[in-house]
Amino acid sequence: MQALTTFLSLSLFISLAHAHGYVKSIAIDGQWYAGNIPNNYKGPSPIRLISDIGPVKGATNPDIVCGLSAQKAEMVVPANPGSVFSVQWSGGDGVSKWPHNIGPLMTYMASCGSTACTDFDPSGAKWFKIDELGLKPDGSGDWFQNDIMTAGDAFDVTLPQDLAPGGYLVRHEIIALHLATEMGGAEFYPMCTQVMIQGSGNGVPAPTVAFPGAYSDSDPGIFDPDVFNAGANYTFPGGPVANLAGTDASMAAPFTGPTVFPSGTSVAPLPAPTGASSGNTTAPSSPSDSAPSAPEPTASPSDAGAADPAATGATRGSTCHLRARGASSAGTHERRHFKRFLRTFSR
Ligand SMILES: [Cu+2]
C-alpha cells in the first residue's frame, strides 16, 4: 500500500511537471533552428526566449505579444515569400509532447520596420494574421491541436507570397481552451521568431491588429462556454486572416532536433531606409552567402533567471488540466502521462 501511494503521488508529480510547454524549434524551408527551454538560455536562437513554460493569462496581459517576459533574440534567419514556416511544440521538459488538445493555432506577422528585429520592441507592432487552424473539418470535434498532443506533430504554414522584403516577427500561438468555460480561463502560448524576408514582394498587409489589443477576455473564442459541446462552432479571436495570407497550414511529421546552438545562420539586417529609395535589394540573396553570425549573448543564464516573480507567479497557480470540467480530454491527458510513467517504471 505504501508503495502504491508513493507510486501514485510520484506519477501525479510527473504529470504536473509535464504540464504546459513551449516551442522547441522552428524551421524555414526545412532548415531547423533550436529554441531555448524557457528560463534556460543555452545559445543564440531566432526564437525569443520566454521566462516560463506556463501560459500567459489574461487577453490584455502585455506578455500576450511574444510570451512571458519575452526577450529579444540574437538571430534573424532568412526566409522568402512562400517559404514554409514550421513550428515544433514540446512539453515543458523538452522531451514530452505538448500537453493540450483543445483550442486554435494562429499565426501572425509584423514588420520590424527600420529597426533590426534583434532590437525591435513589439509593443507597437502592426500584426497581420496569416493563418488560423481550429476544429478539423471532418466534424469529429477534434482540434488540429490534438495532433500536436497525441502524435507530437509539427505545424507547417506557407508564408504569404507577396511579403515585402525586410525583417519580421512571426508570432505563432496556441490558445488552450480546456478552462475557457470560465472568463479568464483561456491559456495563451504565443511565441515570436525573427525572420528576414528576401525577394521583391510589395504587399501591404491589412487589416492589422495590436497585441495587447487584438483580444478581449470576453471574445467568443476566448471565453467559450460551448467549448465542450459537440458540434459547436468556433469563432477565432483576433479578426480575419489578412489579405497577405499564408496557405497550406497543416500538421507535419514531428521534428526531434536540433539541440545545438546556434543552428543555421543569421542574416544581416537590411540597411535602414534612405528616404526615397524603397526598392532595397541589398539583403543577402542566399543564406550561404552570409557569414555565420558570432552573436554575443545579451541574456546570460543569470539574467534569464531573474524573471520577475510577479510575472510568473500568476502562472504557478494555474492548474491546467486538473480543473478541466466535463472534458474527456482531461482524462485522456492523465492516462497518457500515467501510461508513459508505467512504461518508464517497468523498464
Ligand atoms: Cu499547460
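Residues numbered from 1 in each chain as written. Predicted model: local features only at pLDDT ≥ 70, side-chain atom pairs only at ≥ 80, totals over all residues.

The next point concerns the overall build of the protein chain. For the protein chain, the helix and strand inventory stands at five helices and eleven strands. Among the 347 residues that make up the protein chain, the fraction classed as buried is 45%. For the protein chain, the proportion of contacts with a sequence separation of at least 24, taken over those separated by at least 6, is 78%. (Helix = DSSP H or I, 4+ residues; strand = E, 2+ residues; numbered from the N terminus. Buried ≥ 20, exposed ≤ 12 C-beta atoms within 10 Å, placed from the backbone. Contact = placed C-beta atoms within 7 Å.)

Looking at the protein chain, the pLDDT average stands at 80 and 72% of residues meet or exceed 70. Predicted confidence for residues 1-18 stays below pLDDT 50, and this span has 13 contacts to residues more than four positions away or in other chains. Scored below 50 in pLDDT, residues 272-347 shows 96 contacts in the model against residues more than four places distant or in partner chains. (pLDDT = per-residue confidence, 0-100.)

Relative to strand 8 (residues 154-158), strand 5 (residues 84-91) is paired through four bridges, and the arrangement is antiparallel. Residue pairing for strand 8: Val-84 is matched across the bridge by Thr-158. Sheet analysis places strand 8 next to strand 11 (residues 247-252), joined by four bridges and oriented antiparallel. Pairing of Thr-158 across the sheet is with Thr-247, part of strand 11. (Pairing = 2+ DSSP bridges.)

So, about the sheet that holds strand 2 (residues 31-34). An order of 2-1-5-8-11 is seen for the five strands of this open sheet, with the pairing classed as antiparallel. Looking at the sheet topology across the chains shown, the edges are occupied by strand 2 and strand 11. For this sheet, the mean angle separating the axes of adjacent strands, direction not counted, is 25°. Pairing of strand 1 (residues 21-28) with strand 5 involves seven bridges; the strand directions are antiparallel. If you follow Gly-21 over to strand 5, its bridge partner there is Gly-91. (Axes fitted to C-alpha atoms, helices over the stretch in contact; angles between N-to-C directions.)

In globular proteins that are soluble, nonpolar side chains generally tend to be buried together. In this structure, Val-77, Met-109, Ile-130, Tyr-168, Leu-169 and Val-195 are the most contacted members of the largest nonpolar core, which totals 78 residues. Per-element accounting of this core gives the leading share, seven residues, to strand 10 (residues 187-197). In contact with Val-195, not counting residues within four places along its chain, are Ile-28, Pro-46, Val-76, Val-77, Ala-79, Tyr-168 and Val-170. (Core = buried A, V, L, I, M, F, W, Y, C linked by C-beta atoms within 7 Å.)

Here we come to the environment of Pro-104. With respect to the helices and strands, the residue Pro-104 is situated in the loop between strand 5 and strand 6 (105-111). Of the residues examined, Pro-104 has 23 C-beta atoms within 10 Å and is grouped as buried. Pro-104 has contacts with Glu-132, Leu-133, Gly-134, Ile-175, Gly-221 and Phe-236, leaving out every residue within four places of it along the chain.

Considering the arrangement of structural elements, one finds Thr-193 in strand 10. Sequence separation of Thr-193 and Gly-35 is 158 residues, and the distance between their C-alpha atoms is 9.6 Å. Apart from residues no more than four positions distant in its own chain, Thr-193 is found in contact with Ile-26, Pro-46, Ile-47, Leu-169 and Val-170.

Of all eleven residues making up strand 9 (residues 166-176), eleven are buried, and the element is well covered by its neighbours. Relative to strand 9, strand 6 is paired through seven bridges, and the arrangement is antiparallel. The residue bridging Ser-111 from the neighbouring strand is Tyr-168, located in strand 9. Sheet topology places strand 9 next to strand 10; eleven bridges connect them, and they run antiparallel. Residue pairing across strands places Leu-169 opposite Gln-194, the latter belonging to strand 10.

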